[in-house]
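Examining the three-dimensional arrangement
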Amino acid sequence: MDVKKVLVFIILIQVIFSLKAYSQNLSLPIIDSVTVQTFSTQTGLKQLAVITWASTVEPNRDSYFIYKSVPPALITLDSVSANQNSFIYTDAKLATGIFVESLAETEKEVFSVVASHIDNRRNSGFSATHSTIFLSENFFDACSQQISLSWNAYEGWTEGIRVYRIFVSQSGGAFTQVDSIVGGATLYNYVFKNLKSDTDNKFFVRAVSNIPGKTSSSNIKTFFPSFGTFPDHVYLYEASIDNNNDTIKISWIAGQSTAPIIYILQRSNSNLNFNNLDTIIQQGNTAFLYFQFQKDVSEVYYYRVVAQTTCPVGTFNSQILNTVLLQTKTFKDFSNEITWNRVEGWENDAKIYDLYRNDFLIGSFDQSVNLFLDGDTGVILKSTSNCYKIIAREKTSQYGTNGINQSNTICVFPENNIFCPDAFTPGGANPIFKPVLVGIEQKEYSLKIYDRWGGLVFATNDQDVGWDGKLPTGNVSYTSVFVYLISGKKQDGRVIEKRGTIMVIFP
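Please read these numbers as outputs of a predicted model, since none were measured by experiment. (Residues numbered from 1 in each chain as written. Predicted model: local features only at pLDDT ≥ 70, side-chain atom pairs only at ≥ 80, totals over all residues. Heavy atoms only, no water.)

Here we look at the environment of Asn-244
Tracing the backbone through its elements, the reader meets Asn-244 in the loop between strand 18 (234–241) and strand 19 (247–254). In sequence terms Asn-244 and Lys-295 are 51 residues apart; their C-alpha atoms lie 8.7 Å from each other. (Helix = DSSP H or I, 4+ residues; strand = E, 2+ residues; numbered from the N terminus.)

Laid out in structure tokens, this is it:
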């Protein structure tokens with residue numbers, strides 16, 4: 001065979017195949033995904049749609065044209081070179097010469113891609129359209145601190161969507177997945193219940209295809225909510241009974257808040273079932289004082305404060321703080337036993353318990369002691385009554401409180417009685433006749449001494465004054481028996497009298 005003819009034949013075949021390829025339409029591009037990403041631009045950070053398609057090699061492919069669906073038409077956005085298989089939709093120039101930017105932050109966008117033939121006559125058809133996922137807000141509820149989000153289904157994957165993953169970033173932190181929703185619907189809703197106030201809360205949704213590795217992310221939705229803050233603590237530090245046993249002073253503190261807080265003061269007689277006493281509505285205050293009128297306090301009361309708010313929704317209970325109940329028991333030797341219960345509820349317990357008798361401190365005790373025997377009969381018998389109270393003092397708490405819980409006050413009245421000696425010796429070891437009085441009022445006291453003939457030889461209304469044996473003439477009386485008459489009034493108002501004889505003995 002002639003070699004020249006063979007070469008000509010080969011060249012002719014190549015030309016035919018080349019012409020055939022040149023005359024064929026290009027195949028449809030297959031969009032891999034449309035997603036939204038954040039880019040730094042000359043005007044700041046912007047969220048832009050990014051279209052990516054499968055890379056193919058075809059003769060005479062010149063470029064790709066990117067189209068956006070603006071019903072009822074598809075408009076040309078821009079074109080990229082033939083060796084590029086992605087397009088970032090930023091400052092795209094329309095065929096009309098108008099520059100437009102991606103609206104991925106504010107709406108759903110739909111795109112298609114066309115492969116362009118070198119002669120611009122045998123272009124591919126339009127690829128299947130793919131859409132971005134647009135994440136938006138349904139409603140925001142500041143009271144419950146939650147937000148409802150919604151988004152459209154990703155459109156374009158024929159294989160379907162396996163799941164939508166919800167990501168959250170708060171206070172500038174990294175995005176973390178908080179939940180997921182199975183794909184298959186056309187519209188999705190999700191409620192996030194843990195918004196943070198006065199800081200950024202960012203969300204985005206990622207669609208995951210049934211084909212491994214294919215994903216599409218929505219726009220990032222940012223919220224900066226501001227709602228009322230709830231106090232981080234409510235602490236009771238005082239439950240004191242006043243000296244008259246008819247008022248209980250309750251004090252507490254609370255953390256700062258900007259929401260109107262409802263403080264409900266509650267009381268229990270058993271530390272189990274609490275009943276509401278009163279409701280106080282305050283905003284921003286940190287110190288609270290309440291006076292409860294309670295006549296004749298005779299039992300231990302337990303208090304707590306419940307803080308509530310409806311916006312944001314929340315409830316917070318203080319610790320439980322009890323009152324101190326003092327009790328007494330009197331013995332025949334005129335000594336008094338005093339007992340009291342401990343304060344339960346202070347963060348660091350009580351520092352000390354101070355015991356007072358007639359407003360004078362007579363003892364201080366630590367947390368381990370709750371009983372004292374007052375045997376100071378010289379003082380006890382000198383008073384018509386002895387009133388006791390305990391003041392418990394708090395060790396400083398982390399909130400800086402030094403609470404005081406004062407107990408009820410109990411007054412003990414010695415048994416009413418008059419004690420007289422049988423004899424005394426003027427100028428001797430027992431020189432004065434003076435009765436011992438227990439529980440007799442000073443103001444209506446009377447002591448009279450008579451001789452054997454009924455003559456009055458001495459009289460006084462002063463309990464501290466006794467008879468030294470002298471007669472009205474000033475002379476010292478003689479050894480003899482005299483008659484005394486003593487009268488006085490008890491604390492309950494009844495009159496008591498005592499008659500008897502006293503022997504005056506001279507050495």
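Read on for the rest.
Some remarks on the sheet that holds strand 8 (residues 110–117)
One open sheet accounts for 4 strands, arranged 4-3-8-9; its pairing is antiparallel. Only two strands of the sheet have a single neighbouring strand rather than two, namely strand 4 (73–81) and strand 9 (130–131). Two elements, strand 8 and strand 9, share 2 bridges in a ladder whose sense is antiparallel. By the bridge assignment for strand 9, Val-110 is matched with Ser-131. (Pairing = 2+ DSSP bridges.)

Quick look at the sheet that holds strand 38 (residues 456–460)
The sheet built from 5 strands is open, its strands ordered 35-40-39-37-38 with mixed pairing. Each end of this open sheet is capped by a strand with a single partner; those strands are strand 35 (423–424) and strand 38. Bridging between strand 39 (residues 480–489) and strand 40 (residues 495–504) involves 10 bridges; their strand directions are antiparallel. Within strand 40, the residue paired with Val-483 across the bridge is Thr-501.

Let's talk about the pairing of strand 18
A large share of strand 18 lies buried, amounting to 8 of its 8 residues. Inspection of the sheet shows strand 18 paired to strand 19 by 7 bridges, in the antiparallel sense. Bridged to Ala-239 within strand 19 is Ile-250. Where strand 18 folds back on strand 19, the antiparallel hairpin that results is connected by 5 residues, among which Asn-245 adopts a positive phi of roughly 60°. (Buried < 20%, exposed > 50% of the residue type's maximum accessible area, 1.4 Å probe, protein only.)

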